[in-house]
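# Structural overview for review
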Amino acid sequence: MRWSKTFIPTMKENPSDAEIPSHQLMLRAGLIRQLMAGAYSYLPLGWRSVRKAEQIVREEMDRAGAIELFLPALQPIDLFEKTGRKEAFGNVLINFHVQRGDRKVHLALGPTHEEVITDLIGRHLNSYRQLPICVYQIQTKFRNEERPRFGVLRTSEFIMKDAYSFGTSLEQLNTVYDQMYKAYCRIFARCGLTYLPVEAESGPIGGDASHEFMVPANNGEDRIVHCEGCGYAANLERAETGRKAPALATSPAAAALQKVATPNATSIEQVSRMLKCKPEQMIKTLIYKADDKPVAVLIRGDHEANEAKIRRALGAKSLGLADEKTIREVTGAPVGFAGPVGIKCSVIADHDVPPIANAITGANEADAHLTGVNVGRDYQLTTTHDLRMALADDACPKCAGKLKLVHGIEVGHVFKLGTKYSVALAAEFLDEKEQRHPMIMGCYGIGVNRIVASLAETSFDDNGLIWPLSVAPYEVLVIPLNVTEPDTMQLAERFYKELGEAGVDVLLDDRDARAGFKFKDADLIGVPLRLVIGGKGLKEGLVELKWRTDAAPTKVPIVDAIARVREMLVERRAQDASRVPA
RNA sequence: CGGGGCGUAGCUCAGCCUGGCUAGAGCGCUUGGUUUGGGACCAAGAGGUCGCAGGUUCAAAUCCUGUCGCCCCGACCA
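Residues numbered from 1 in each chain as written. Chains lettered and ligands numbered in written order. Predicted model: local features only at pLDDT ≥ 70, side-chain atom pairs only at ≥ 80, totals over all residues. Heavy atoms only, no water.

### What to know about the overall build of chain A
A count of helical and extended segments in chain A gives 15 helices and 30 strands. Counting only C-alpha atoms, chain A reaches 95 × 65 × 50 Å along its principal axes. The 582 residues of chain A split such that 52% are buried. In chain A, the proportion of contacts linking residues at least 24 apart, taken out of those at least 6 apart, comes to 69%. A total of about 26700 Å² of accessible surface is found on chain A, and carbon and sulfur atoms cover 50% of it. Side chains of chain A carry 73 positive and 75 negative charges; the gap between the two charge centres is 1 Å. (Helix = DSSP H or I, 4+ residues; strand = E, 2+ residues; numbered from the N terminus. Buried < 20%, exposed > 50% of the residue type's maximum accessible area, 1.4 Å probe, protein only. Contact = heavy atoms within 4.5 Å. Areas by Shrake-Rupley, 256 points an atom, 1.4 Å probe, with all protein chains shown as cover. Lys, Arg positive; Asp, Glu negative; His and termini not counted. Charge placed at Lys NZ, Arg CZ, Asp CG, Glu CD.)

### Structural notes on the packing of helix α2 (residues 44-63) against helix α11 (residues 448-458)
Running from N to C, α2 and α11 cross one another at 120°; their axes reach a closest spacing of 9 Å. Relative to α11, the element α2 is oriented oblique. Remark: the crossing between α2 and α11 carries right-handed chirality. Only Val-448, Ile-451 and Val-452 of α11 make contact with α2, whose side of the interface consists of Ser-49, Val-50, Ala-53, Glu-54 and Val-57. Considered class by class, the residues forming the contact of α2 with α11 number six nonpolar, one polar and one charged. (Axes fitted to C-alpha atoms, helices over the stretch in contact; angles between N-to-C directions. Parallel < 35°, antiparallel > 145°, perpendicular 65-115°, else oblique. Left-handed = near helix turned anticlockwise from the far one by under 90°. Nonpolar A, V, L, I, M, F, W, Y, C, P; charged D, E, K, R; others polar.)

### Some details on the layout of surface pockets
What the largest pocket holds in volume is close to 1300 Å³. Considering the residues around the largest pocket, the lining is formed by 48 residues, among which Arg-143, Met-160, Glu-212, Glu-410 and His-413 are closest to the centre. If you list the elements that add at least two residues to the lining of the largest pocket, you get α4 (85-89), β8 (157-167), β20 (404-418), α10 (420-424), β23 (440-447) and α11. Take the lining of the largest pocket: its biggest share by element is seven residues, from β20. Of the residues in the lining of the largest pocket, the class split is 20 nonpolar, 12 polar and 16 charged. Counted as a void, the second largest pocket has a volume near 670 Å³. (1 Å grid on protein atoms, 1.4 Å probe; cavity = no way out; pocket = protein on both sides within 12 Å on 5 of 7 lines; lining within 4 Å. Points joined across faces, edges and corners; volume = space filled by probe spheres on them.)

### A closer look at the side chain of Ser-49
Here Ser-49 is to be found in helix α2. With near-sequence residues (within four places) excluded, Ser-49 lies in contact with Val-452, Trp-467, Val-471, Ala-472 and Pro-473.

### As for the domain arrangement of chain A
Note: interface size is frequently given as the accessible area lost on complex formation between the parts. In terms of domain boundaries, chain A breaks down into domain 1 (17-240 + 405-456), domain 2 (258-373) and domain 3 (474-578). Using C-alpha coordinates to define each centre, domain 1 is positioned 38 Å away from domain 2. Counting residues at the interface gives eight residues for domain 1 and six residues for domain 2. Summed over both partners, the interface of domain 1 with domain 2 comes to about 420 Å²; 27% of that surface belongs to carbon and sulfur atoms. (Domains from an automatic or database assignment. Buried area = accessible area lost by both parts, 1.4 Å probe.)

### Let's talk about the packing of aromatic side chains
With the rule as written, the count across this model stands at nine aromatic pairs. On the numbers, 6.3 Å between centres and 35° between planes, the contact of Tyr-195 with Phe-213 is tilted. You can see Tyr-195 sitting in the loop between α6 (170-190) and β9 (196-199) and its partner Phe-213 sitting in strand β10 (residues 210-216), a full 18 residues away along the chain. An aromatic cluster of three or more residues is present, and its members are Tyr-181, Tyr-184, Phe-188, Tyr-195 and Phe-213. Geometry around Trp-3 places Arg-511 over its ring, the cationic atom sitting 3.9 Å from the centre. Its guanidinium or amino end placed over the ring of Trp-547, Arg-572 lies 3.9 Å from that ring's centre, counting from NZ or CZ. (Phe/Tyr/Trp six-rings, centres within 6.5 Å; stacked < 30°, edge-to-face > 60°. Lys NZ or Arg CZ within 6 Å of the ring centre and 35° of its normal.)

### A look at empty space enclosed by the protein
Applying the stated criterion across every chain yields a total of three cavities of 30 Å³ or more. Within this model, the largest cavity holds a volume of roughly 60 Å³. Around the largest cavity, the lining residues are Phe-150, Leu-153, Asn-219, Gly-220, Glu-221, Asp-222, Gly-408, Ile-409, Glu-410 and Arg-450. It is β20 that contributes the most residues to the lining of the largest cavity, three residues altogether. Taken together, the residues that form the lining of the largest cavity break down as three nonpolar, three polar and four charged. Its volume calculated, the second largest cavity comes out at about 50 Å³. Secondary structure elements with two or more residues in the lining of the second largest cavity: α13 (515-525) and β29 (542-547). Looking at side-chain class alone, the lining of the second largest cavity contains five nonpolar, no polar and four charged residues.

Below you can see the structure in the form of structure tokens.
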């Protein structure tokens, strides 16, 4: 492509709306433009990268045995009513009525396609002999983001690869899951991303039934816990800690239990300010309802409760914060004054609670707290659990190391669904004994735009983007220094033509602009390999080659240039490929 | 949805507090010339319903009210 014939609106200055690197650079390099909050146009350069990422995804899905198809973005609302997800999605589901003759039809724009695919497969596959099968598509998804943000990272419309597997057994599910997991590793590695597969919260199926693929980045919305020692990685909701249960002995320094007035102080922050104590001196008492039974959960004041851990510790199916009425019944006080001393329900505590000597907690009485609260004497525990969100420097659950807390961008998710959708939509098969069973499903998503945005977010320098060869919009940028010089231009045209014929993605900067201007643009858009023609070098029969990441160019004789470029590309590709797992 | 910020030329912004001639700058754009290896220089231009609506006033980019849009923090995100 010739620069003068395509559309690459680069910008020297950062648009004021853009704050994070990927957003700024994608705008400045002319990859995207915003249409409205949460919706972006992909300009030629940006679209080429998206398509390259998409193609890598496609190749790896095919390699893993998945079958590509294409489902409608328009979906009848009934499907979502059947699975209960109209409710579950709520506002996120974009849905509307359209007029058809004298009727109104209620439609939704697909936020994902579990319903559609389950309906389709359930209708047409009926026998265990036809299973397992894994199908996928690359489609635009629509989710009404309440708050779109971070440029292209969180939008209301995005391209997603979604795959769905259907099988007759857990073994079949596990096999596909494994294949998908491996395919994902290859995909992100091929895209040149630094990625981390992390254990994710997976609902009632439990175990390791869900992994998210994260790109560590400061601006990532997700928080993940990572142990560099053993490689353990999990998202914050899931992350366990290696803390041990402490002794449940009353502190020898236990002071007298005292009630203090704390009018209107209902939060840890308010109480700590009023009593001039640190939050870590306090016990936060949260009243939950676990399968409709109230339970008091004790967490150290400066810690954050993890509901999934609490649910698992209690062995409960459902868990939610209790309503005001329940709290009054259990504590005899309004919300904000709960404490373990004398509470009328069962109590479980996090490991870090009993070691607090002379703790401060609610007095189960309005406008009052207790000080000098000590385990064993004032409240009883038989054991403790890991009930809070992991923190940096917590012990690793898998080794002797310490956990690190990092932010990440979720680029992929693999998930064992089970039979939720196949039951709701009657996707059943007949086994060899003529018994009906719901199919066992898995789903596997990849945010294609997010691959590109994650690269922009993590691979750049002061001058602009730095693309890996595999996802770069063009592989080689040919820059004739002076397009009005016939010798220069003639050679540039020849290189452009020959590289193109050799299957290289080449961009020719044929603009009549000064050298410095073109170099700045070249760095900004980040094309991996730069070939410069003109000036003194040309008179000596030399041209210059430079990787985007090189400090200085190397001079190559004109006659060798094309061969050298091809060689360099081959070497780089091999180098990149060596980082892709088998 | 709660909190905060911002809407003036294609982009970045000044002017607004304290109302007053024809609304400014830099970059970009057009034309001509000089330049030509890291975002050149000179000259001449084009480009603005000051987000929109209403109000106050002799007079509104500026003050008031409403509204729309965008950004950030939080809540939410099978």
